[in-house]
Each structure stands twice: as C-alpha cells, then as structure tokens.
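What follows is each chain in one-letter form.
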Amino acid sequence: MLDLHRGRILREVARLGSMTAAARSLAYTQPAVSHHIARLEAEVGTPLVVRHGRGVRLTEAGRVLVEHVEDVLARMGDAEERIAAIAGLRAGRVRAAVFPTAAGGLMPDALARLRARAPGVSVTLVDAEPPEALALLRAGEADIAVVFRHASMAPETDARFREVVLREDPLRLLVPAAHPLASAGRPRLEALAGETWASGCARCRDHLRWACARAGFAPDIAFATEDHVAIQRLVARGLAVTTLPELALGLHTEPGVAFPDVRDVGGRRISAVVAAGQRPPAVAALLDELTAAPPAERADTGDG
C-alpha cells in the first residue's frame, strides 16, 4: 500500500514545482524530501518527477498519483468532519430559548427524537417570548431561539444569524359556543366589532389591533393574559372572544368554545434562529429535529 504521507509530500512538490520550496513549506530538509520522493518512486516502480529547469515537474504517473492523493485527502477530510460530528453529538450541549407555546407544542417531540438519536447531548430550555429569546441569542446565552412573527410584522434582519422557518401557524377565531356567529358560514371579522376581546402577549395584541383595524374597528381588549387555557375559559364562559394560533389549540381545546371560519385574522410564522455559518453538531442536530417535526394535530373544534 502506498504511503499517504509521502503522497502529501509529492503533492506539495507538484504545487510548488521544487524540492527545495516543498521542503521549506513542510519544514523538512531538501534531502529528506528527495528521499521520500525516491522511496515513493520505488514503491510505484516508475519515475514520478523529472528535472525541469531549476525545479521539477510531474511525470504522467506523478500527475495520476497526485490526483488520487487529493481525492483520498478530501475523503479523509470528510471523514474527519463526520467523526467530529459524531463525537460532538456524544457530548454536545444546546441552550434553547423558546416561546411558551412552542415549548409545549414543538420542543418535547423534537427533544425526544434527539434523545433517541444522540443520548449524550445535553439540552437546557428556557421560556422566552421572541424579543427576549433573540436577546439571549445575541448575548451568547442561547444557541437557538425559537420565535414567531405575525403577518403584520416586518422581518428582523441581522447578518450574524440565520432564520429557519419551521411552520406557518394560522390564527383561529374563538367565540362562545352559544354565540350567534358560532355556526355562521364564513363571518367577517367586522361582525365582531362590538365584542369584548381577550388577547395574549404584547405581540399578539398588536397583531389583533392590526387585523381589526383592517376590518374597520378597534377591538375592546378587556383581558390580557399569556395563559392560553385562561383565555379559552374566558371565551367558554361567554366573557370574551379571541384569536389563538393552531399550535396553542393543539395543546388544549376548552369545551364550550366554537371556531367560526374567519380567514381575515392572519397568522404567524414560527422559526428557529441560529448563528450564521457552521454550527456545532449538537445545535445542528436539534435544528434537524425541529424542522422534521410534523404539524401539530388539534382536537375536534366543533361547536362543543
């Protein structure tokens, strides 16, 4: 079997066109380089270099050998990267900042798949609304931020980070089961102009105001809570109407709530934000599992 180390030396001689220059590049003596080339020629049984002016050039056999050496070295480099990835997954760490609904609706399944794939990876999870999650990412205190952006919001741009879209998450209108619009075909949002509203986080309230403004009214938001169960119970008791994302309804659907098909309430995009460029193996693995997650299934949303 040919000596790969000597193949590297031959490649350097070919690149620089001189035994002396190759010796300087490799921190060898010129006689040592000449010795390795002579041994390699003895192994293949044919000359690999010939003198050319004040340097050397490859023979046809030398060119063939260098091409194969470069191919082998490239494959070795690929193998090293893959092995490093495996080693990283055995002892990697990921810090995730995730908004609450995704913490319940997306992360558990993704983390379970990651645990089965790479049990040595350690993941820490902190609840954080998108602005806080992005702040943690920028400060280097999180490796991945799972965030959302409503259709009414302009995208945030920062060349240091990359956004990976996980899913589109439509909003649904919720009204009490006894509400006149509960069984309506396709009511318009403006039909709810006189209602009392409940809403969630500051971003959700801003989007609700935007959607209602497009429909020609300002919503009377009497209840503001980030607890989606509490919001649904307010609706079920006839105290308010609201909009909630499909992901939240996949986690809990309160009896006594109806979901009339109002399509002009918009939606939101759920994304994972990570540092641009090459990512640590453990971070890349969690991102893979998040992007592979199927859409959440929601319980029956009939009039009951």
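Residues numbered from 1 in each chain as written. Predicted model: local features only at pLDDT ≥ 70, side-chain atom pairs only at ≥ 80, totals over all residues. Heavy atoms only, no water.

As named in an unreviewed UniProt entry, the chain is DNA-binding transcriptional regulator, LysR family, taken from Actinomadura mexicana. Taken from UniProt, the Sequence similarities (unreviewed entry) comment for the chain reads in full: "Belongs to the LysR transcriptional regulatory family." (UniProt positions renumbered as here; feature names shortened; annotations may be inferred.)

Quick look at helix α3 (residues 30-44) now. Here α3 is 15 residues long and its end C-alpha atoms lie 22 Å apart, about the 21 Å a rise of 1.5 Å per residue gives. Downstream of α3 by one or two residues, Gly-45 has phi in the positive range, about 80°. (Helix = DSSP H or I, 4+ residues; strand = E, 2+ residues; numbered from the N terminus. Expected span 1.5 Å × (residues − 1).)

Look at the UniProt record and you will see "domain: HTH lysR-type" (unreviewed entry) annotated at residues 2-59. In this annotation, residues 2-59 is assigned 62% helix and 14% strand; the end-to-end C-alpha distance for the span is 17 Å.

Once that is clear, we can look at the environment of Glu-12. Locating Glu-12 in the fold gives a position in helix α1 (residues 4-16). As for Glu-12 and Ser-25, which are separated by 13 residues in sequence, their C-alpha atoms are 8.0 Å apart. Excluding residues that lie within four positions of it along the chain, Glu-12 makes contacts with Ala-22, Ser-25 and Leu-26. (Contact = heavy atoms within 4.5 Å.)

Let us look at helix α7 (residues 130-138). Those residues of α7 that fall on the buried side of the exposure criterion are Pro-130, Ala-133, Leu-134 and Leu-137. All buried residues of α7 fall inside an arc of 95° around its axis, so they share one side. Those residues of α7 that are buried are in contact with β3 (93-98), β5 (144-150), β6 (161-176), α8 (202-214) and β11 (267-275). Gly-140 sits one or two positions beyond α7 and adopts a positive phi of about 80°. (Buried < 20%, exposed > 50% of the residue type's maximum accessible area, 1.4 Å probe, protein only. Arc of directions from axis to C-beta.)

Membership of the largest hydrophobic core comes to 28 residues, with the highest contact counts inside it found for Ile-144, Val-146, Ile-270 and Leu-290. If you tally residues by element for this core, the top one is helix α11 (residues 281-291), at six residues. In this structure Val-146 touches Ala-97, Val-98, Phe-99, Ala-102, Met-107, Leu-166, Ile-270, Ser-271, Ala-272 and Leu-290, once residues within four positions along its chain are discounted. (Core = buried A, V, L, I, M, F, W, Y, C linked by side-chain atoms within 4.5 Å.)

Right, let's get into the pairing of β6. The sheet contact formed by β6 and β11 spans nine bridges and is antiparallel. By the bridge assignment, Arg-167 is partnered in β11 with Ile-270. Judged from the four bridges that link them, β6 and strand β9 (residues 242-245) form a sheet pairing that is antiparallel. Bridging across to β9, Leu-174 finds its partner in Thr-242. (Pairing = 2+ DSSP bridges.)

Here the chain averages 87 in pLDDT, and 91% of its residues register 70 or above. Across residues 296-304, confidence stays below pLDDT 50; counting only partners more than four residues off in sequence or on other chains, it has 26 contacts. (pLDDT = per-residue confidence, 0-100.)

This structure, assessed with the given rule, holds one aromatic pair. With 4.9 Å between their ring centres and 75° between their planes, Phe-99 and Phe-148 make a pair best called edge-to-face. Here Phe-99 is found in the loop between β3 and α5 (100-105), whereas its partner Phe-148 is found in strand β5, with 49 residues between them in sequence. Summarising the burial analysis for this pair, Phe-99 and Phe-148 share the class buried. For the cation-ring pair, Arg-268 lies above Phe-148, with the distance from its terminal atom to the ring centre recorded as 4.6 Å. (Phe/Tyr/Trp six-rings, centres within 6.5 Å; stacked < 30°, edge-to-face > 60°. Lys NZ or Arg CZ within 6 Å of the ring centre and 35° of its normal.)

We note that the domain assignment places domain 1 (4-82), domain 2 (86-167 + 269-291) and domain 3 (170-266) within the chain. In this complex, domain 2 contributes 17 residues to the contact, which on the side of domain 3 involves 11 residues. Across the domain 2/domain 3 interface, buried area totals approximately 1,100 Å², and carbon plus sulfur atoms make up 70% of it. Per-residue buried area on domain 2 facing domain 3 is highest for Thr-101, His-150 and Ser-152; these three make up 45% of the total on that side. Where domain 2 packs against domain 3, one counts zero salt bridges. Elements with a contribution of two residues or more to the side of domain 2 that touches domain 3: α5, α7 and β5. Tallying contributions element by element places α5 first for the side of domain 2 that touches domain 3, with four residues. Within the side of domain 2 that touches domain 3, the residues separate by chemical class into eight nonpolar, five polar and four charged. (Domains from an automatic or database assignment. Buried area = accessible area lost by both parts, 1.4 Å probe. Salt bridge = Lys/Arg side-chain N within 4 Å of Asp/Glu carboxyl O. Nonpolar A, V, L, I, M, F, W, Y, C, P; charged D, E, K, R; others polar.)

What follows concerns the environment of Gly-250. Mapping Gly-250 onto the fold places it in helix α10 (residues 246-251). According to the relative accessible area criterion, Gly-250 is partly exposed, its value standing at 30%. Taking C-alpha positions, Gly-250 is 9.6 Å from Gly-104, a pair spaced 146 residues apart along the chain.

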